[in-house]
Amino acid sequence: MLFPALPLREVGAKVMIDVLFVLDDKTETPAIVTRAAAMFSVARVSASGIGPEHVSSARVMVVHAALRNLHDVARIEDACDELRRRDDCVYVAKGSERAGIVQAESVGIGRVIAAHQPLEDVLAAIQCILNRDLANRLDGYPEQVIETINTTGTLFQQVAAAMREDGPLPLRLLSDSSRNIGAAIECVGLVEWINAVEMHHSQTCRHVLMVAGYADAFARSLGLSASDTLLFTKASLLHDVGKLFIPIGILEKAGPLSEQERRAIMTHPLRGAKALRKGSGAQPLVIAAARSHHEYLDGTGYPDGLAGGQICPLVRMLTIVDIYSALRETRAYKAGMTPRLAITEMAGMKGKLDPRLFAAFRDMVLNPVFGSQRSSRGPETRLANDCLLNGIHPLDRETRPLEVGHRAFG
Ligand SMILES: [Fe+2]
Ligand SMILES: [Fe+2]
């Protein structure tokens, strides 16, 4: 087996998780738990030990227990009553036991799924509740932002399916999402975009949407061409695609990683690049970005230990926005850093990052007005030609003034 047993969360941890499984015995791992743990962050608790504190730490509760014991039924009912979460609950029947279904219906659990129904029905029910939860939390943001986050979520699902089946990538949706992210940031500003993205329940989606947001902003602040900006945003959206092969339980583990788990995560650049090569249609530079975004200029990165001129400008820029996003994000195992702290941390990575690009990025994110600018962002000049597409360092190119009324990034 390639990966260790799934490290499910201990319930009661301070972080929100996606799905709480309520089981007869919390040490059991039924098939639905294994399947769900590959897609969502998951914890489990026994029916006899559940309390409101467990329910409040999860967005969805899935009861997969026989419910023969009336004491257990009462505890579940109390936990649901306390938080009025019955619409966020799913009961998955065990075997042919009818009693459990009757008990689940009696306590008003919103959705009951019979044992003969496929596991996909359970996963779809979980996803449906998570989507509703996300919609609630995005309430009040402009429609354009909500639409872009939802569309990008659909993009990830389609990319995951394409990679599982070695099928063609949804290239049109990828381009649309990349452009829409730029338009959404133009509408609300980078800071509001990041705030909205932080509402997303999936850590991986949050990360990729943030990296794409910073990438779009960085490209514009450097005055990159429309083609380069689109390429950079697309590469950002797909850079961690190899993580789709790694269980969420490892990716979002709250505690320290074991050596085996750390090695499993470090496989994601190679796995992502390999999958993108097999699924037809990804640009070679996008594949290179997925493979090399953890490389450092001093040769200490992975997977290939590339150094200096072996690392193209697109990858150098992606590495900077990727690290910055990771430092800024709050994750299950750490708090997010302030912009200044994150930049200080990165400034300590001597020799690893492109110093000129890092200086430009630092000036951008520490500029007090930059993040709230809504339109006409970027410098008053833009680069005359495509740099990233041609492997040319953006800061080595001549610029020309923006034409009045010219929309460089439609
Ligand atoms: Fe990565
Ligand atoms: Fe990343």
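Residues take numbers from 1 onward in each chain, read along the sequence in its written order. Each chain is given a letter, starting from A, and each ligand a number, starting from 1, according to the order in which they appear as written. Whole-chain, interface and lining totals are the exception, using all residues; otherwise, since this is a predicted model, local features are given only for residues with pLDDT of at least 70 and side-chain atom pairs are given and counted only at 80 or more. The side-chain values count all of the structure's non-hydrogen atoms but skip hydrogen atoms and water molecules.

**Quick notes on the packing of helix H10 (residues 226-238) against helix H14 (residues 284-292)**
Logical step 1: An axis is simply a line fitted to the C-alpha atoms; with a helix, the fit covers only the stretch in contact. Between two such axes, the angle follows the N-to-C directions and lies from 0 to 180 degrees. A run of DSSP states H or I qualifies as a helix once it reaches four residues; a run of E qualifies as a strand once it reaches two. Both are numbered from the N-terminal end. Running from N to C, H10 and H14 cross one another at 45°; their axes reach a closest spacing of 9 Å. The angle between H10 and H14 falls in the class oblique. The handedness of the crossing between H10 and H14 is right-handed. Of the residues in H14, those touching H10 at Leu231, Ala235 and Leu238 are Leu285, Val286, Ala289 and Ala290. Roughly parallel covers angles under 35 degrees, roughly antiparallel covers those over 145, roughly perpendicular covers 65 to 115, and oblique covers all other angles. Handedness of each helix crossing follows the sense of rotation of the near helix against the far helix: counterclockwise by less than a right angle gives left-handed, clockwise gives right-handed. It only takes one pair of heavy atoms within 4.5 Å for two residues to be counted as in contact.

**Some details on the side chain of Ser175**
Logical step 1: Mapped onto the elements of the fold, Ser175 is located in helix H7 (residues 171-188).
Logical step 2: Here the term buried applies to any residue with accessible area under 20% of the maximum for its type, exposed to any over 50%, and partly exposed to those in between, with areas from a 1.4 Å probe on protein chains only. Among the residues examined, Ser175 registers a relative accessible area of 14% and is labelled buried.
Logical step 3: Those residues in contact with Ser175 that lie beyond four places of it in its chain are Leu230 and Lys234.

**Structural notes on unusual backbone geometry**
As a rule of thumb, non-glycine residues mostly have phi less than zero, and peptide bonds are mostly trans rather than cis.
Logical step 1: The omega torsion of the bond from Tyr302 to Pro303 falls at 10°, within 30 degrees of zero and hence cis.
Logical step 2: Residue placement: Pro303 occurs in the loop between H14 and helix H15 (313-328).
Logical step 3: Positive phi, normally seen in glycine, also occurs at Leu67, with a value near 55°.
Logical step 4: Among the secondary structure elements, Leu67 is positioned in the loop between strand S3 (58-64) and helix H3 (70-83).
Logical step 5: A relative accessible area of 5% places Leu67 in the buried class.

**Considerations on the pairing of strand S1 (residues 17-23)**
Logical step 1: Along S1, seven of the seven residues are buried, which leaves the element largely enclosed by surrounding structure.
Logical step 2: Should DSSP find at least two bridges between two strands, the strands are regarded as paired. Here six bridges tie S1 to S3, and the two strands are oriented parallel to one another. Bridge pairing links Phe21 to Val62 in S3.
Logical step 3: Bridge analysis of S1 against strand S2 (residues 42-46) gives five bridges, and the strand direction is parallel. Note that in S2 the partner of Val22 across the bridge is Val45.

**What about helix H16 (residues 339-347)?**
Logical step 1: The complete set of buried residues in H16 reads Ala342, Ile343 and Met346. Burial along H16 is one-sided: seen end-on, the buried residues are contained in an arc of 95°. Along H16, exposed side chains directed more than 90 degrees from the buried face belong to Arg340 and Thr344.
Logical step 2: Buried residues in H16 make contact with H15 and helix H17 (355-366). For this quantity, the arc is that covered by the directions from the helix axis to the C-beta atoms.

**A few points about the pattern of salt bridges**
Once the charged atoms of two side chains with opposite charge are near each other, the side chains can pair.
Logical step 1: What counts as a salt bridge is simple: a side-chain nitrogen of Lys or Arg found within 4 Å of a carboxyl oxygen of Asp or Glu. Summed over all chains, the structure comprises 18 salt bridges.
Logical step 2: Note that Arg35 is salt-bridged to Glu120, the shortest N-O span being 2.8 Å. Residue Arg35 is found in helix H1 (residues 31-37), and its partner Glu120 is found in helix H5 (residues 119-137); the two are separated by 85 residues along the sequence.
Logical step 3: Under the relative-accessibility criterion, Arg35 is labelled partly exposed at 35%.
Logical step 4: On the basis of relative accessibility, which here comes to 43%, the residue Glu120 falls in the partly exposed class.
Logical step 5: Residues Lys352 and Asp298 are paired through a salt bridge, measuring 3.0 Å at the closest nitrogen-oxygen approach. Here the residue Lys352 occupies a position in the loop between H16 and H17, and Asp298 occupies one in the loop between H14 and H15, the gap between them amounting to 54 residues.
Logical step 6: The structure contains a network of salt bridges with shared partners spanning Asp18, Arg59, Asp133 and Arg137.

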